[in-house]
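Single-letter residue listing:
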Amino acid sequence: MTPNYMALLALGLTLGAVTGGCADIKEAGRTVGHTTRNVTREIGHTTRDVAREIGHGTRDTVKKIGDDLND
């Protein structure tokens, strides 16, 4: 049985193309994943900061009302 060089060449080229395509897909997935992570982190930090400001504002208002009632 003699090796079919054309079939081996076609197989090699196909595997090379698939491997190259996989690298592109992997890079695209990494980009999407990192972007999602960064956006989620930014939303979380903004939410935390807004909640903190609301809490401090509420605390200060309640304290002022309490001080006004005690005077």
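Being a predicted model, the structure only gives us computed values, none of them experimental.

Conventions adopted
Residues numbered from 1 in each chain as written. Predicted model: local features only at pLDDT ≥ 70, side-chain atom pairs only at ≥ 80, totals over all residues. Heavy atoms only, no water. Helix = DSSP H or I, 4+ residues; strand = E, 2+ residues; numbered from the N terminus. Rg over C-alpha atoms; globule rule 2.2 N^0.38 Å. Buried < 20%, exposed > 50% of the residue type's maximum accessible area, 1.4 Å probe, protein only. Areas by Shrake-Rupley, 256 points an atom, 1.4 Å probe, with all protein chains shown as cover. Lys, Arg positive; Asp, Glu negative; His and termini not counted. Charge placed at Lys NZ, Arg CZ, Asp CG, Glu CD. Salt bridge = Lys/Arg side-chain N within 4 Å of Asp/Glu carboxyl O.

1. So, the overall build of the protein chain
Link 1 in the chain: In terms of helices and strands, the protein chain carries 1 helix and 0 strands.
Link 2 in the chain: In terms of overall size, the protein chain is more extended than a compact globule, its C-alpha atoms giving a radius of gyration of 31 Å where 71 residues would be expected to give roughly 11 Å.
Link 3 in the chain: Taking the principal axes of the C-alpha coordinates as reference, the protein chain spans close to 105 × 15 × 5 Å.
Link 4 in the chain: By residue count, 0% of the 71 residues in the protein chain fall in the buried class.
Link 5 in the chain: Carbon together with sulfur atoms contributes 66% to the accessible area of the protein chain, which is approximately 6300 Å² in total.
Link 6 in the chain: Charge-centre separation for the protein chain: the mean point of 9 positive side chains lies 9 Å from the mean point of 9 negative side chains.

2. Description of the pattern of salt bridges
Link 1 in the chain: Scanning the model with the defined rule gives 4 salt bridges in all.
Link 2 in the chain: The partner of Asp49 in a salt bridge is Arg52, and the shortest N-O contact between them spans 3.6 Å. Highlighted residues: Asp49 and Arg52, both in helix 1 (residues 5-70), separated by 3 residues, approximately one helical turn.
Link 3 in the chain: Taking relative accessible area as the criterion, Asp49 reaches 32% and is therefore assigned partly exposed.
Link 4 in the chain: Put simply, Arg48, Asp49 and Arg52 are held in one network by salt bridges that share partners.

3. Overview of the environment of Gly55
Link 1 in the chain: Positionally, Gly55 belongs in helix 1.
Link 2 in the chain: In this structure Gly55 comes out as partly exposed when scored by relative accessible area, which is 36%.
Link 3 in the chain: Residues Gly55 and Val18, 37 residues apart in the sequence, show an inter-C-alpha distance of 55 Å.

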